[in-house]
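Spelled out, the chains give:
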Amino acid sequence: MYKLTGVTKRYSRGKETVEALRGVDLTIEDGDQLVIQGPTGGGKSTLLQMIGGLDRPSEGSVELDGVNLATISEAKLTRLRAEKIGIIFQSFNLIPTLTAQENVETALVPLGVKPAERRERAAEALSSVGLGDRLKHAPSELSGGQQQRVAIARALVKKPKVLLADEPTGNLDEGTRDDIMGLLEGLWHEYGLTFIMVTHDSSIARRAPRLATIKAGQITLTEQGRGNGRFTPQQQYAEQGNQGY
Ligand SMILES: Nc1ncnc2c1ncn2[C@@H]1O[C@H](COP(=O)(O)OP(=O)(O)O)[C@@H](O)[C@H]1O
Ligand SMILES: [Mg+2]
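Residues numbered from 1 in each chain as written. Chains lettered and ligands numbered in written order. Predicted model: local features only at pLDDT ≥ 70, side-chain atom pairs only at ≥ 80, totals over all residues. Heavy atoms only, no water.

## Some details on unusual backbone geometry
Then, in step 1: Phi at Asp65 is positive, roughly 50°, even though this residue is not glycine.
Then, in step 2: With respect to the secondary-structure elements, Asp65 resides in the loop between strand S4 (59-64) and strand S5 (67-68).
Then, in step 3: Residue classification places Asp65 among the partly exposed positions, given a relative accessible area of 35%.
Then, in step 4: A positive phi angle, near 55°, is found at Lys159, a position not held by glycine.
Then, in step 5: For Lys159, the position within the fold is in the loop between helix H5 (144-156) and strand S7 (162-166).
Then, in step 6: By relative accessible area, Lys159 is classed as exposed at 61%. (Helix = DSSP H or I, 4+ residues; strand = E, 2+ residues; numbered from the N terminus. Buried < 20%, exposed > 50% of the residue type's maximum accessible area, 1.4 Å probe, protein only.)

Here it is, written out as structure tokens:
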């Protein structure tokens, strides 16, 4: 479970200070899906970085299962990220010189997994995102949607508790966006992930069980009628009149 209390983040640039987050309080239960929406520059990515332990708040605490990511040592934070948190980005962030399989394996290196097991687990993860026949392809030999699938496999191969996504469909066309969203929903449900996603896509935000809107560093939460309970993608489709994404 995440508990954010009074999270403020200031960036200094020369004499200027930008307050990207202003006193954000937020609780996210295990297995929850939370969508974060809001205008450009509102603080969405900054919030995701705090939640992912990629950066630390200027004030306030970010507790994951009682551990405060704001104050633990850099070594512990690195370890915690490697074990518990998978992250995907709009721009995929794959290493261009590595194959799909090698890209996925990189997530297991910090965990000390032996090469043979790494290869096997990476191949399995790629199969689970529908790329079992693309193991040896370089990122440049894959479509945008396929590259995002590789990034998803890389995020999930370590079996994390938390999946974070920063505009994961921002670089994709509509059809591919629907494929990737369907895949993410399925994986969220199958693995019981805590799934937190930033998007500016209203059609995705409308479907989220919980919606956080961030403007000028301040958060507003909306429960969209389903409480905190888990539900299947099928139920979700049914409730929305089978509109899909
Ligand atoms: N590394 C940084 N240094 C200085 N300012 C930053 C940095 N990252 C973000 N900001 C500023 O913080 C604010 C929030 O940015 P961000 O979280 O990226 O917004 P969003 O993801 O909602 O577009 C913006 O005003 C942005 O310019
Ligand atoms: Mg952003």
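## Regarding the nonpolar core
Then, in step 1: In terms of nonpolar packing, the biggest core is built from 38 residues, with Val104, Leu126, Val129, Val150, Ile152 and Leu184 touching the most fellow members.
Then, in step 2: Where this core is concerned, the elements lending two or more residues are helix H3 (100-105), helix H4 (115-128), H5, S7, helix H6 (174-191), strand S8 (194-198) and helix H7 (202-207).
Then, in step 3: Those residues in contact with Leu184, other than ones at most four positions away along the chain, are Ile88, Ile152, Leu163, Pro168 and Phe195.
Then, in step 4: Judged by nonpolar contacts, the second largest core, of 27 residues, contains Val24, Met50, Leu77 and Val198. (Core = buried A, V, L, I, M, F, W, Y, C linked by side-chain atoms within 4.5 Å. Contact = heavy atoms within 4.5 Å.)

## Focus on the site of ligand 1
Then, in step 1: Surrounding ligand 1, one finds Tyr11, Arg13, Val18, Ala20, Pro39, Thr40, Gly41, Gly42, Gly43, Lys44, Ser45 and Thr46.
Then, in step 2: Measuring from an oxygen atom of ligand 1, one finds a backbone N or O atom of Gly43 at 3.0 Å.
Then, in step 3: Thr46 places a side-chain nitrogen or oxygen 2.6 Å from an oxygen atom of ligand 1.
Then, in step 4: Protein contacts shield 67% of the accessible area of ligand 1, which totals 560 Å² for the unbound molecule.
Then, in step 5: The element contributing the most residues to the shell around ligand 1 is helix H1 (residues 44-51), with three residues.
Then, in step 6: In the shell around ligand 1, the residues fall into four nonpolar, six polar and two charged. (Near = heavy atom within 4 Å. Polar contact = N/O pair within 3.5 Å; in protein donor to acceptor, adjacent residues only side chain to side chain. Areas by Shrake-Rupley, 256 points an atom, 1.4 Å probe, with all protein chains shown as cover. Nonpolar A, V, L, I, M, F, W, Y, C, P; charged D, E, K, R; others polar.)

## Re the sheet that holds strand S2 (residues 16-28)
Then, in step 1: Pairing in this open sheet of four strands is antiparallel, and the strands run S2-S1-S4-S5 from one edge to the other. Strand pairing shows two members of the sheet lacking a second neighbour, S2 and S5, which therefore form its edges.
Then, in step 2: Where strand S1 (residues 2-13) and S4 come together, five bridges link them in antiparallel fashion. Across the sheet, Thr8 pairs through a bridge with Glu59, a residue of S4.
Then, in step 3: Of the strands in this sheet, S1, S2 and S4 touch H1, which is tilted by about 120° from S1. (Pairing = 2+ DSSP bridges. Axes fitted to C-alpha atoms, helices over the stretch in contact; angles between N-to-C directions.)

Distances and angles like these do not, on their own, reveal function.
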